[in-house]
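Architecture at a glance
Next come the chains, spelled out residue by residue.
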Amino acid sequence: MSDMTPKKVSAVIFDVDGTLINTERIYMEGWRQSAIRQGFRMDEGYLLKTRAMDAATTKKLFAGYYPGQSYEKTREYRVEIAEKMISDCEDPRTLLKPGVPEILSWLDDHGIKKAFATGSDLSATVSHLTKTGLIDRFPVRVTIADVKRGKPFPDMFLYTAEKLGADPAECIVCEDSISGIEAAHAAGMIPVFIEDCVPVNDHVRELAYRIPKTLEELPVIITEING
């Protein structure tokens, strides 16, 4: 893990899919079913590699993995399939990662600012967070549409820190993707990796400040830093 020694945490920036809510696995299943509908199979390696990447980069990788297939059509079917799976979820609590409402309350109680920064579409993100009862907990909301470059570039996180009025060096970023951790590190922030679909590897260990078992350990990490 990173040998950085942050002095203070004044804000937390959360990725959404796979970090706050259990949608990454649904998206991956949507990609698989979309590919099958069109007569090909989607490689697990491709799915893991493209988690949290912007559409332009994902499309370029798609062309290399699946020449002759339409990225636009595959994504269109993926959105249709995944959104139906989310909509059909009868108990929204099953979409939440463990302890999320309690963690957000803890941050509020301790005067720590918070925001979400996601590579996903704003309308879909708002819909999902509304379904899970979280949307009103985030007055600062940033998506890929707000910046020129997505993860692994630092733009999204730096813009979020600016909107929060926070020093980037005092921002923890909670991420479940390699590109997200790279972006947080490039932004000079405090990367915390929450394992979901993407397994921990040496690259993540090198860049991440902490790799807790679950997001529920976040208050402990902040308390250790802030004293």
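Here the structure is a predicted model, which means the values were calculated and not measured.

Another aspect to go through is the pattern of salt bridges. In this structure the tally under the stated criterion is 15 salt bridges. Ionic pairing is found between K97 and D196, a salt bridge with its closest N-O pair at 2.8 Å. One end of the pair, K97, is in the loop between α4 (71-87) and α5 (100-109); the other, D196, is in the loop between β5 (190-193) and α9 (202-207), and 99 residues separate them in sequence. Since its relative accessible area comes to 9%, D196 is described here as buried. A salt bridge links R137 to D108; its shortest N-O distance comes to 3.6 Å. You can see R137 sitting in the loop between α6 (122-131) and β3 (141-143) and its partner D108 sitting in helix α5, a full 29 residues away along the chain. Its relative accessible area of 39% is what places D108 among the partly exposed residues. Look at the salt bridges and you will find they share partners, linking D15, K151 and E175 into a network.

Parameters and conventions
Residues numbered from 1 in each chain as written. Predicted model: local features only at pLDDT ≥ 70, side-chain atom pairs only at ≥ 80, totals over all residues. Heavy atoms only, no water. Salt bridge = Lys/Arg side-chain N within 4 Å of Asp/Glu carboxyl O. Helix = DSSP H or I, 4+ residues; strand = E, 2+ residues; numbered from the N terminus. Buried < 20%, exposed > 50% of the residue type's maximum accessible area, 1.4 Å probe, protein only.

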